[in-house]
Amino acid sequence: AAAFCSGVVTAPATREIESSTSMVGKCPADARRRDSTTCASRIDRAQSAHSFNPLAVEPLSVEAALISSLDRARALRLYRQARGLEPKNPDTWYQLGAFELRQLKQPRAAYRDLNHAYTLDRFLFGKGTAPGRDLDQARCEIDPATCPE
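Residues numbered from 1 in each chain as written. Predicted model: local features only at pLDDT ≥ 70, side-chain atom pairs only at ≥ 80, totals over all residues. Heavy atoms only, no water.

K.L.:
Break down the environment of Arg83 for me, with residues and values.
P.N.:
Tracing the sequence through the fold places Arg83 in helix H4 (residues 72-85). Residue contacts for Arg83: discarding those within four places in its chain leaves Thr92, Trp93, Leu96 and Asp113. (Helix = DSSP H or I, 4+ residues; strand = E, 2+ residues; numbered from the N terminus. Contact = heavy atoms within 4.5 Å.)

Have a look at this one:
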């Protein structure tokens, strides 16, 4: 299991997740040169939280978001693992679809997963929300006739 800088995990997993979540997206592609200690620490926290509660999807999503610019294949595996743990959770489907759309540039796969998230919870996709925009963008990219004029 990953260790914290102090070497001791003292907080519950949710506190570690919240700490990491506030930093999501802040691990730059050149993290190996700049801020690598901070980025590695955030990734370690997410991995530690997952070790503490292997059935929780949040640590997987946080780690995937943190490493998305560093290792897209690993991030994709983590998003899929989270979706597999909670297949009826629309958020896991949305996160996977949003990653496929924005990072992997795979609109067909993104549309499939975003549409499934919509099927599970259509209220997540309100007009003007990020999920709604992502679903509309994926649909537009695979079927230009659905694009707004």
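K.L.:
Can you tell me about the state of the cysteines, naming the residues and giving the values?
P.N.:
The tally for this structure, following the rule as stated, stands at one disulfide. Disulfide pairing places Cys140 opposite Cys147 at an S-S distance of 1.7 Å. Every disulfide takes its handedness from the sign of the S-S torsion; for Cys140 and Cys147 that torsion is 95°, giving right-handed. Taking relative accessible area as the criterion, Cys140 reaches 19% and is therefore assigned buried. (Disulfide = S-S within 2.5 Å. Buried < 20%, exposed > 50% of the residue type's maximum accessible area, 1.4 Å probe, protein only.)

K.L.:
Account for helix H6 (residues 107-120), naming residues and giving values.
P.N.:
Residues that lie three or four places apart on an α-helix share one face, since the helix turns once every 3.6 residues. Between its terminal C-alpha atoms H6 stretches 20 Å, which fits the 20 Å expected from 14 residues at 1.5 Å a residue. Within the span of H6, buried status applies to Pro107, Ala109, Ala110, Asp113, Leu114 and Ala117. Axial view of H6: buried residues confined to an arc of 155°, hence all on one face. Pointing more than 90 degrees away from the buried face of H6 are the exposed residues Arg108 and Thr119. (Expected span 1.5 Å × (residues − 1). Arc of directions from axis to C-beta.)

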